[in-house]
Structures are given as C-alpha cells and as structure tokens.
Amino acid sequence: MDYFDVNLDLTEEDLALKAAANQFAREVIRPTAKALDEMTPEEVIADGSPLFDFLRKSYELGYHKMLLPEAVGGMGLTPLQTHVLMEEMGYGSFGLAVQLAVCSFVPYTAAFTGNEELIKEFTVPYCECTDGSLRSCWGGTEPDHGSDNIGMGEDFFTQPIRTNCVAKRDGDDWVINGQKAAWVSGGTISTHCQLHIQTDPDMGFAGFSIFLIPMDLPGCSKGKPLNKIGQRDLNQGELFFEDVRVSDKYRIIGPDMYPMMEDGILALANAWMATWATGLARAAYEEALTYCKERVQGGRVLAEHYSIKQRIFEMFSRVETCRALSRAAINLNMRIAPGFAEYSMAAKTTATRLCLENASDAIQLLGGNGLSKEYLPEKLFRDARATLIEDGNNEILARRGGHMLFESYPRPRDTIPFIPG
Ligand SMILES: Cc1cc2nc3c(=O)[nH]c(=O)nc-3n(C[C@H](O)[C@H](O)[C@H](O)COP(=O)(O)OP(=O)(O)OC[C@H]3O[C@@H](n4cnc5c(N)ncnc54)[C@H](O)[C@@H]3O)c2cc1C
C-alpha cells in the first residue's frame, strides 16, 4: 500500500485499519470479484459460490457492521475511519463494497430509530452474526418507477398515482402487494428488506412509508438474478409481495416523515457511493501507473515519455478530487446529521464521473492490453459505468440538488438527532 493520504491527522489506529482493509481488498475482494465477474448471475448466488466465502470472511472480521455504532455492537468508527475503510472496499471492488454495505441496511435503520424492540430483533443478531447469513437489501425502485422515487421537488412528486407495490392498512397490520424492480442490490440473497412503499396513493410519491421486512414472511418471494454489464459481483433481482401481512411495528416511517428521511438516506448513500468511486478511481490510477513503469515503447518505458506523465497526473488529480469531496460529504453527514444531501450529491455525481474517466484513461494507457480481461481496467470501466445510474441517475440527483439550493424546506439536520457513528 503506497498511495499517500493527505490527511496528516490519521492516527496509528486509523492507519492500521486502512492497512488491514487494503490487504483484505487485495487478497480477498479482488480475487472474489474477478471470479464472480466471469460467472453467470445464477452461478454467483448458487451454493458454494465464492460470494458466500467473501461474506463469511467479511463478517468474521466485523466489516459487515462498519456503519453501526458501538452501543448496539457495531464497529463504532469515526467518520474519517468510515471513509478510509469504505475507500479500501471500493478499491477492492465497487460491486462487493455495495453488497457488503446493503447487508447492514435493516439493522442500521433499526438502530437509527432508537426503538429497543427493533434493535433487539434486527440489529443485535446482525452484529453478532459471523457467518454472513443475515443480509439486507433496499427495495425502492419499481418496474415503472425509478427516478420518480427520488423526484422530490418535481411537479409530479405529490400528484396522486398508484405505484407497483402498495401497503394497505388492515386493522393493526399492513398488507403488502406488488413488486420491486430487478435493480434491488443483493435482493436475491436477502433475508431482510428495507422496503420503501406507497401507503397513501393520494399523495403520490410523497405518500411513502418505510417498512423493515423479514423476507421469510409468507407471501415474500424473489425473481431471477439480473444479468448486467458491470458490477456483476453485485447480484440483483426483483422482490415480490403477495398479501404479505406485517405488524404496524415494522413501519418505522410514515408519509409525514418520509421526504425528510429520504433526504437523510440519500445524504448518506450518495456519500458512500462517492467514497467507493474514489477507491475505483484510485485502482484505475494505480493500474495505469504500474503499467507505464513497465511497458517499453520507442526504446524506453512509457513513463519516460513526457505526455504520459501528464496523463497520469490527470488521473492522480481525479483521485484526489474524489477523495476530498467524498470525505467532506461523509464527515458532514456523520458528524452533524444526515441531512446535507446536496453536498453528498455533488460528491456522488462528480466522483462517479471522474472514476469512469480514470477507468477509461487506464484502458487507453494500457493500449490493446487495456481491453483484455487479463488486466483489471476493463472490469473497472464496466463497474464504473454503472455508478452513474446507481443510487439515482446523476442527472436526477443534480436536479434534486439544484432544488435544495433554491428552496427551503424542513431538513433532517434541523430535527433528527443522529445516533450511528
Ligand atoms: C448497480 C445498480 C444498483 C442499484 N441498486 C438499487 C437498490 O439496491 N435498490 C433499489 O431500489 N434500486 C437500486 N438501483 C436502481 C437505481 O436507483 C435506478 O436505476 C435509478 O434510480 C434510475 O431509475 P431507472 O433505471 O428506472 O431510470 P429512469 O428513471 O427510467 O431514467 C431513464 C433516463 O431518463 C432520465 N429521467 C428520468 N426522469 C426524468 C425527469 N423527471 N426529467 C428528466 N429526465 C429524467 C434519467 O436521467 C435517465 O437518463 C440500482 C441501480 C444500479 C444501476
């Protein structure tokens, strides 16, 4: 590990965490991701797949609880440590970094509520889990509604509309029917789902609630895994709900708080996306740097040709830009409250674009070899391409970020005390 970190305040503990995560990224994440990338989506989640070895090793080391506070059994990382660890995960592989993080969604959100009963049911067993068998997913996107879901501030957001998946009140319970899109990360292997679902069609997309759903409830089922260009190590698939009955205690947020909660979730998730993108941008930079020190053309190594130095420097600058923006977004949203979404969106939209540029430049610097599966850049390029759509299309995030700069409305940072971290 020789990529310098400009933060001179990193403690011995921070540096040890970083070194261990870097070793894990190189020795466990990279080889697993390469193997999964070459499999069919069905093979990725079949018994005996390297995916489950990866999860078990991650859980044994406690990486599955990196977002959770110490009070509930989590790692209790500082914002800086969270950034450092996440960057290394993204450096290993963007797809597996996402897979590992989504595993913690339900326990994380349960911890966020402060509700002892939910923490006991969802968070504590997860933090104690060492075999990778408890895994969450986030079900937001629907077959007919992708960007719609995060279109807060758009004129259509509050118009009456019926979505693909709805929950209706029935006595003390809720009954869920419908489906979520094939884009649910880790949905195919999930045991729990953080389900964002409409409970008030009259309020359109603003009429959503958040439920924490054990996926072994009667009526829950899963579709076949999605086949896609990049992040093939991140398995995705539809979720189906047929008359799934859940107690009201599993509804943790109703429409009154939903827009604000969505704001907070995007503030965190986009900051994480930007951090994994930093890791990917760095991986591409390092691949190009190493290659240029070895490949001889015109009688000397590429690095000794002046324009190559310039191109490598451009890649280095992108890594530093990604890191500065993502670290600031994580710091802001973890230290104060998860409600500075515009900063996270700026970080996400910029870092994902720059990591794609770095992956593309790495291919170009490797010449023909850059296109070969013998080398990493072609995978980095395919993985990076997905990041511009993942967790919100960049254009829609920019529009929503723009609304935030012009309009004032209640923000989570004003009202919600932030516990995790
Ligand atoms: C790798 C990956 C992982 C993902 N993980 C999850 C997950 O875990 N859980 C989950 O629920 N979802 C997940 N998603 C889904 C993701 O959040 C959606 O794909 C994303 O929000 C975009 O929705 P869409 O694909 O339906 O595109 P659409 O919304 O159909 O957009 C298509 C195009 O139209 C543009 N567009 C859309 N609306 C407007 C508008 N109002 N004005 C102008 N232009 C517009 C968009 O910018 C885009 O270019 C994931 C996606 C990817 C790629």
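Residues numbered from 1 in each chain as written. Predicted model: local features only at pLDDT ≥ 70, side-chain atom pairs only at ≥ 80, totals over all residues. Heavy atoms only, no water.

1. Section: the pairing of strand 2 (residues 165-170)
(1) Moving on: Bridge analysis of strand 2 against strand 3 (residues 173-180) gives six bridges, and the strand direction is antiparallel. Counted as the bridge partner of Val166 is Asn177 from strand 3.
(2) Moving on: In this antiparallel pair of consecutive strands, strand 2 and strand 3, the connection spans two residues, and Gly171 shows a positive phi of 65°. (Pairing = 2+ DSSP bridges. Helix = DSSP H or I, 4+ residues; strand = E, 2+ residues; numbered from the N terminus.)

2. Points about the pairing of strand 7 (residues 239-247)
(1) Moving on: As paired elements, strand 3 and strand 7 share seven bridges and run antiparallel to each other. Considered in strand 7, the bridge of Asp173 is made with Ser247.
(2) Moving on: Here strand 6 (residues 220-222) pairs with strand 7 via three bridges, running antiparallel. If you follow Lys222 over to strand 7, its bridge partner there is Leu239.

3. Some details on the site of the ligand
(1) Moving on: By nearness alone, 20 residues border the ligand, and Trp138, Thr141, Ser147, Ser185 and Glu395 come closest of all.
(2) Moving on: Thr141 places a polar side-chain atom, nitrogen or oxygen, 2.7 Å from a nitrogen atom of the ligand.
(3) Moving on: Separating an oxygen atom of the ligand from a side-chain N or O atom of Ser147 is a distance of 2.5 Å.
(4) Moving on: Look at the ligand: alone it shows 970 Å² of surface, and the protein chains cover 71% of it.
(5) Moving on: Judged by the proximity of its atoms to the pocket grid, the ligand belongs to the largest pocket.
(6) Moving on: When residues of the shell around the ligand are traced back to their parent elements, those giving at least two are strand 1 (136-139) and helix 12 (394-406).
(7) Moving on: When residues in the shell around the ligand are grouped by element, the largest group, three residues, is from helix 12.
(8) Moving on: Of the residues assigned to the shell around the ligand, the class counts are six nonpolar, ten polar and four charged. (Near = heavy atom within 4 Å. Polar contact = N/O pair within 3.5 Å; in protein donor to acceptor, adjacent residues only side chain to side chain. Areas by Shrake-Rupley, 256 points an atom, 1.4 Å probe, with all protein chains shown as cover. 1 Å grid on protein atoms, 1.4 Å probe; cavity = no way out; pocket = protein on both sides within 12 Å on 5 of 7 lines; lining within 4 Å. Sits in = over half its atoms within 2 Å of the grid points. Nonpolar A, V, L, I, M, F, W, Y, C, P; charged D, E, K, R; others polar.)

4. Focus: the packing of aromatic side chains
(1) Moving on: Here the structure, examined in full by the defined rule, presents 18 aromatic pairs.
(2) Moving on: Here Trp174 and Phe211 contribute two aromatic rings whose centre-to-centre distance is 5.8 Å and whose plane-to-plane angle is 80°, an arrangement assigned as edge-to-face. Note that Trp174 is positioned in strand 3 and Phe211 in strand 5 (residues 208-214), a separation of 37 residues in sequence. A single burial state applies to Trp174 and to Phe211, both of which are buried.
(3) Moving on: Here a set of aromatic residues connected by ring pairs shows up, and it is made of Phe156, Phe157, Phe205, Phe208 and Tyr258.
(4) Moving on: The ring centre of Tyr91 lies 4.4 Å from the NZ or CZ of Arg30, which sits over that ring. (Phe/Tyr/Trp six-rings, centres within 6.5 Å; stacked < 30°, edge-to-face > 60°. Buried < 20%, exposed > 50% of the residue type's maximum accessible area, 1.4 Å probe, protein only. Lys NZ or Arg CZ within 6 Å of the ring centre and 35° of its normal.)

5. A look at the domain arrangement of the chain
(1) Moving on: For the chain, the assigned domains are domain 1 (12-128), domain 2 (136-256) and domain 3 (259-415).
(2) Moving on: Measuring from the centre of the C-alpha atoms in domain 1 to the corresponding centre in domain 3 gives 20 Å.
(3) Moving on: Here domain 1 meets domain 3 over a buried area of about 2,400 Å², counting both sides, of which 66% is carbon and sulfur.
(4) Moving on: Three residues stand out in domain 1 for area buried against domain 3, namely His83, Glu87 and Phe94, and they jointly supply 30% of the buried area on that side.
(5) Moving on: Remark: the boundary between domain 1 and domain 3 carries five salt bridges.
(6) Moving on: Glu286 is the salt-bridge partner of Arg26, the closest N and O atoms lying 3.8 Å from each other.
(7) Moving on: Across the contact surface, domain 1 and domain 3 share eight residue pairs in polar contact (both at pLDDT 80 or more). (Domains from an automatic or database assignment. Buried area = accessible area lost by both parts, 1.4 Å probe. Salt bridge = Lys/Arg side-chain N within 4 Å of Asp/Glu carboxyl O.)

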